[in-house]
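Now for the letters of each chain:
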Amino acid sequence: MGFSVSLHQIVDAVGKNTRDVLVRVAGIPAEFCDEKHHPCPACGGLDRFRVLDLEEGTCFCNRCFNKRNGNYINAVMHFRNVGFRDALLLIADYLGIRKEGTFAQAVPGCRASATSKKKAMTSKIKRVLHPIYNTDGSRKGMRVDSSCDGKEWSTFFPWNGFTYQPVPREVSANSHVKKHTIYEYLDADGGPHHIVYRLDLKQGRKIPMQFHWDGSAYVLGKSEEQIPYNAPDVLKAKRVFFVEGEKCAAALQWDLSRNPPEGEMPAVTCINCGCGAFSDSYIPYFEGKDLFIYPDNDAPGERLACELVEKLSSVCKSIKVYKWPDGTPEKWDIADEIVKRNAERKATEAEIVVESGLK
């Protein structure tokens, strides 16, 4: 039997009791509703989730929930992984204003959207990742063994020199995932340590998942010991470029490989989870280095840069923080800048070719 509930009914029934909805419906721990920093209930990671406005029920995670997070309804959508209508029905069940059905993970009588079903399927998929090597020991690819509801399948992600990504034909065109990317963290000796597996959804949301090395494969869960990205290179290099996130690190590595700077090639690195996640275990990797920090152009980026300067000033040989020029868009990062400059270079090259042809 179908059931519908209006937004007006929900808002009137909730009133100022948004905390109860966050805890009882969205599943956020009660002790996290103090407007202070806590681990994110959705993507894990330390000190990057907080309730911004308890009266509105507005939550924030600087990695997985920094957009479309206006109030408690958005929180239910995000943390329960459901669409807008399903979120209203879940809240209605809790408030007792829905007569049919009972409060449950699946909403009886509600025809879930195709996107919601795909999201639910994604959250149920179990994955184990196996690195594949060439005969010389270099990285060849990553085999991802997946299972869900008794079905099993494998996907091969070739190593492209910077990340692991599947070939297009191995990804279903009907998937709600736009892009799969695997970023591998190697330990100081170049061995497997942990992985960040990032899903970029077609609707714009990004889901990072962490897998740790158990001795034979990568399995779901965060590694107890944290190391910087490209740890072996960081230890060897005299210059280190520090960026926010694996995507920016891979983009900068790609750009440096095509436009080498003067002198020794610098190492490019980042850390898991960004601002507020820097621990003392990272410090030995930066001793005696010339550190160049390229933060994102936003408040979290500024805080991360300040945190790095505070933590590493006593061990680094020098530290410089890049300041974005006035007029740079909010949240702009080094990956955006590389895409922009690469497009400008191509445009310039095209103009040269046209002018040469005219002559």
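The structure reproduced in this document is the subject of the present report. (Residues numbered from 1 in each chain as written. Predicted model: local features only at pLDDT ≥ 70, side-chain atom pairs only at ≥ 80, totals over all residues. Heavy atoms only, no water.)

**Notes on a negative patch on the surface**
Among the surface-exposed residues, Glu31, Asp34, Glu35, Asp53, Glu55 and Glu56 lie close enough to one another that they form a single negatively charged patch. With respect to the helices and strands, Asp34 occurs in the loop between helix H2 (18–24) and strand E1 (38–40). We classify Asp34 as partly exposed; its relative accessible area is 34%. (Patch = residues over 30% accessible without salt bridge, like charges linked within 9 Å, V, L, I, M, F, W, Y side chains within 5 Å. Areas by Shrake-Rupley, 256 points an atom, 1.4 Å probe, with all protein chains shown as cover. Salt bridge = Lys/Arg side-chain N within 4 Å of Asp/Glu carboxyl O. Lys, Arg positive; Asp, Glu negative; His and termini not counted. Charge placed at Lys NZ, Arg CZ, Asp CG, Glu CD. Helix = DSSP H or I, 4+ residues; strand = E, 2+ residues; numbered from the N terminus. Buried < 20%, exposed > 50% of the residue type's maximum accessible area, 1.4 Å probe, protein only.)

**Points about the environment of Asn66**
With respect to the helices and strands, the residue Asn66 is situated in the loop between strand E3 (58–61) and helix H3 (72–80). Sequence separation between Asn66 and Phe49 is 17 residues; the distance between their C-alpha atoms is 9.7 Å. Within polar-contact distance, the side chain of Asn66 engages the backbone oxygen of Asn62 at 3.2 Å. (Polar contact = N/O pair within 3.5 Å; in protein donor to acceptor, adjacent residues only side chain to side chain.)

**Description of unusual backbone geometry**
A positive phi angle, close to 60°, is found at Asn81, a residue other than glycine. In this fold, Asn81 is placed in the loop between H3 and helix H4 (84–95). Take Asn81: its relative accessible area is 17%, and that puts it in the buried class. At Asn230, a position not held by glycine, the phi torsion is positive, near 60°. Inspection of the secondary structure assignment puts Asn230 in the loop between strand E10 (218–220) and helix H6 (231–236). Residue Asn230 is classed as buried on the basis of its relative accessible area of 12%.

**A few points about the side chain of Gln226**
Within the fold, Gln226 resides in the loop between E10 and H6. Side chain to side chain, Gln226 and Asn272 meet in a polar contact 2.8 Å long. Setting aside residues no more than four positions away along its own chain, Gln226 makes contact with His194, Asn272, Ser281 and Tyr282. (Contact = heavy atoms within 4.5 Å.)

**Thoughts on the sheet that holds strand E8 (residues 192–201)**
The seven strands are arranged E6-E5-E4-E10-E9-E8-E7 in an open sheet whose pairing can be described as antiparallel. The open sheet terminates on both sides in strands that have one partner only, identified here as strand E6 (151–158) and strand E7 (177–186). Neighbouring strand axes in the sheet, compared pairwise and without regard to direction, differ in orientation by 25° on average. Strand direction decides the pairing type here: strand E9 (residues 206–213) and E10, joined by three bridges, are antiparallel. Within the sheet, the bridge partner assigned to Trp213 lies in E10 and is Tyr218. (Pairing = 2+ DSSP bridges. Axes fitted to C-alpha atoms, helices over the stretch in contact; angles between N-to-C directions.)

**Focus on the pattern of salt bridges**
If you walk through the whole model with that rule in mind, you get five salt bridges. Between Glu184 and Arg139 there is a salt bridge, and its shortest N-O distance comes to 3.1 Å. A residue pair is termed long-range when its members are at least 10 positions apart, and Glu184 in strand E7 and Arg139 in strand E5 (residues 139–148) qualify at 45 residues. The exposure class assigned to Glu184 is buried, which follows from its relative accessible area of 4%. Of the residues examined, Arg139 reaches a relative accessible area of 23% and is grouped as partly exposed. Residues Arg345 and Asp255 are paired through a salt bridge, measuring 3.3 Å at the closest nitrogen-oxygen approach.

**Describing a positive patch on the surface**
Together, Lys67, Arg68, Lys178, Lys179, Lys206, Lys247 and Lys331 give the surface a local cluster of positive charge. Mapped onto the secondary structure, Lys247 falls in helix H7 (residues 246–258). For Lys247, a relative accessible area of 38% puts it in the partly exposed group.

**With respect to the nonpolar core**
Within the largest apolar cluster, 41 residues are counted, with the highest numbers of intra-cluster contacts made by Val243 and Phe286. At the level of elements, E7, H6, strand E11 (239–243), H7, strand E12 (267–269), strand E13 (290–294), helix H8 (299–312) and helix H9 (334–358) are the ones that each hand at least two residues to this core. With six residues, the single largest contributor to this core is H7. Discounting residues that sit within four places of it in the chain, Val243 has contacts with Cys248, Ala249, Leu252, Val268, Thr269, Cys270, Tyr294 and Ile334. (Core = buried A, V, L, I, M, F, W, Y, C linked by side-chain atoms within 4.5 Å.)

**Things to note about the environment of Arg127**
Structurally, Arg127 is set in strand E4 (residues 126–133). On a C-alpha basis, the gap between Arg127 and Ser147 in space is 6.7 Å, while along the polypeptide they are 20 residues apart.

So yeah, pure geometry; function would need other evidence.
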